[in-house]
Amino acid sequence: MYTNYPDKLQRLQMAKAIIRQWPHLKSKWGAPTDGWMACIIDKLKNRRRGMHLCNTLRRKTASDTSSPAAQGAKRRKEMPSHLNLEPNVLAGEDETSRERMVAEMRKEMRKVEGQRDENKLKSLLERTFAFRREILNTGGTLIQIMEEYPALFTQEGFIQEYEELTNSSSTMREFYRNTFQKCTRILELGRAKLEKLYRTNTQSNALKKEKLAKIINNMNTAIEEERTFEDPSKKVAYHQAVAGAMMLPLLLGEESLSFVQEYPESASLEDVTSGPVTPYVAAVGPVQTTSLFYLIIVNKKVLSVYEFIDAIALSIMSFYIFWLQYPKTSYCTYKYIQMEILKRPGVEDGHLPTKLLTLMKNSQ
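Everything numeric in this text was worked out from a predicted model, so none of it was measured.

Caption draft 1: The overall build of the protein, seen in detail. If you tally the helices and strands in the protein, you get 14 helices and 4 strands. Relative to its 364 residues, the protein shows a buried fraction of 49%. In the protein, once contacts between residues fewer than 6 apart in sequence are set aside, the share between residues at least 24 apart is 60%. Just so you have it, the protein exposes about 18,700 Å², and 52% of that area is on carbon and sulfur atoms.

Right, here's the structure in full:
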């Protein structure tokens, strides 16, 4: 057997091969292969459960290049009790019902957006949640999940998966509220930092000064453009929050390339997926004014998003959904968003860096 996830036809072929070799093992009731089909399904489920115990280290060197671990996007080792990482399959569901639900999901997702039965998709994602966790816990790949569960790779699917995993609700409403509150404060700190850099005017801080100034100038330009519309106050607050979020890596002394990357509007899909293997947001055009963002994971576009704050929220959720470690180059940036905006506990990572604790204190 060359796969732990054979389809129905492959299982039927295995069952027929057994009874061809040993005719006396035919099922006495129903079709001759029925008994062996049930045994094969049980055997596969037991094998996949056992794989979880031995694959923790193997994930880092998996030969499948579509695996996050194989490409350097390491999975977290800890499995905190407050996360639903290893749920039981719902009562009445098995491999046969999983295949039926996957087929229904694929059929529904082939419909034009707007004509899909969203309630049906939500129900299918809920009922197949444990099967997806099983794939991830046994070293499965992102490609496999994208092919079998396409409804997950929508904004609604990501949010539902994250809330199921963390036993939470109203995630996006809270994320927006906390982003506006915290990132507005971050913007104030960034402006103060820029003034200080102008006063010292040392060569070593020239690049940081240039980047901070660019973020503020882009924000001011976007706000000025909004003033041509009625009631621009909400958009002004939005642009200020975006600017604050973009300043986070700079204030923490980290790079932003594994957090958010800007690309020209003429950029190809190959261009925007050529960044790091860990999740990041690709903005097609200037962050402050574009309405197209991609969530990229292991160099594959997995989501199209139309608001920057939505894109950042889905990006941080993806680390939970696929249980990935934050990149070292942006660790404090993601950790700040996790603890101060997403409001998830940070105890699983032990002691926090001093620069992160300082920013958390100063942005209160």
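From this point, the narrative continues.
Caption draft 2: Here's a closer look at the pairing of strand β4 (residues 300–305). Relative to β4, strand β3 (residues 293–297) runs antiparallel, the two being bridged by 5 bridges. Residue F293 lies in a different strand from β4, and its bridge partner there is V305. Where β3 folds back onto β4 in an antiparallel hairpin, the turn is made up of 2 residues, including V298, whose phi is positive at roughly 40°.

Caption draft 3: Main features of the pattern of salt bridges. Tallying each qualifying case throughout the model produces 10 salt bridges. With a closest N to O distance of 2.5 Å, E174 and R177 form a salt bridge. One end of the pair is E174 and the other is R177, both in helix α8 (residues 171–200) and 3 residues apart, which spans about a single turn. Owing to a relative accessible area of 52%, R177 belongs among the exposed residues under this scheme. Each of E95, R98 and E148 takes part in one network of salt bridges that share partners.

Caption draft 4: Inspection of the packing of aromatic side chains at higher detail. A full pass over the atoms with the stated rule returns 12 aromatic pairs. Residues F319 and Y326 carry aromatic rings whose centres are separated by 5.0 Å and whose planes lie at 70° to one another, so their mutual orientation is edge-to-face. Here the aromatic cluster, defined as three or more aromatic residues joined through ring pairs, consists of F259, F319, Y326, Y331 and Y334. Over the aromatic face of Y149 sits the side chain of R132, whose NZ or CZ is 5.0 Å from the ring centroid.

Caption draft 5: Broad picture of the environment of E255. Positionally, E255 belongs in the loop between α10 (233–251) and β1 (260–263). If sequence neighbours within four positions are ignored, E255 has contacts with P249, T329 and S330. Of the polar contacts made by the side chain of E255, one reaches the side chain of T329; its length is 3.4 Å.

Caption draft 6: Just the pairing of strand β2 (residues 280–284), in detail. With 5 of its 5 residues buried, β2 lies for the most part within the structure. Alternating positions in β2 separate into two faces, Y280, A282 and V284 on one and V281 and A283 on the other, with burial throughout. One ladder, built from 4 bridges, connects β1 with β2; its direction is parallel. Bridging from a neighbouring strand, Y263 pairs with V284 of β2. The pairing of β2 with β3 spans 4 bridges and is antiparallel. Across the sheet, the residue bridging to A282 is Y294, located in β3.

Scoring rules and cut-offs
Counting restarts for each chain: residues are numbered from 1 in the order of the written sequence. Residues qualify for local features only when their pLDDT is at least 70, as the model is predicted, and side-chain atom pairs are given and counted only at 80 or more; totals for whole chains, interfaces and linings, by contrast, use all residues. Hydrogens are left out, water is left out, and the side-chain values use all remaining heavy atoms of the structure. In this description a helix means any DSSP run of H or I spanning at least four residues, a strand means any run of E spanning at least two, and both kinds are numbered starting from the N terminus. We call a residue buried when its accessible area falls under 20% of the maximum for its residue type, exposed when it is over 50%, and partly exposed in between, using a 1.4 Å probe and counting protein chains only. The contact definition used throughout considers only heavy atoms, calling two residues in contact when any of these lie within 4.5 Å. Only the protein chains shown count as cover for residues, with accessible areas throughout obtained via the Shrake-Rupley method and a probe of 1.4 Å. Two strands are said to pair when DSSP picks up at least two bridges between them. Salt-bridge detection follows one rule: a side-chain nitrogen of Lys or Arg within 4 Å of a carboxyl oxygen of Asp or Glu. When two rings of Phe, Tyr or Trp (its six-membered ring) have centres within 6.5 Å they constitute a pair, described as stacked for plane angles under 30 degrees, edge-to-face for angles over 60, and tilted for the intermediate range. Two conditions define a charge located above a ring, namely a distance within 6 Å from the ring centre to NZ of Lys or CZ of Arg, and an angle within 35 degrees of the ring normal. By the criterion applied in these results, polar contacts are pairs of N or O atoms within 3.5 Å in which, for protein atoms, one can donate a hydrogen and the other can accept it, and in which residues neighboring in sequence qualify only through two side-chain atoms.

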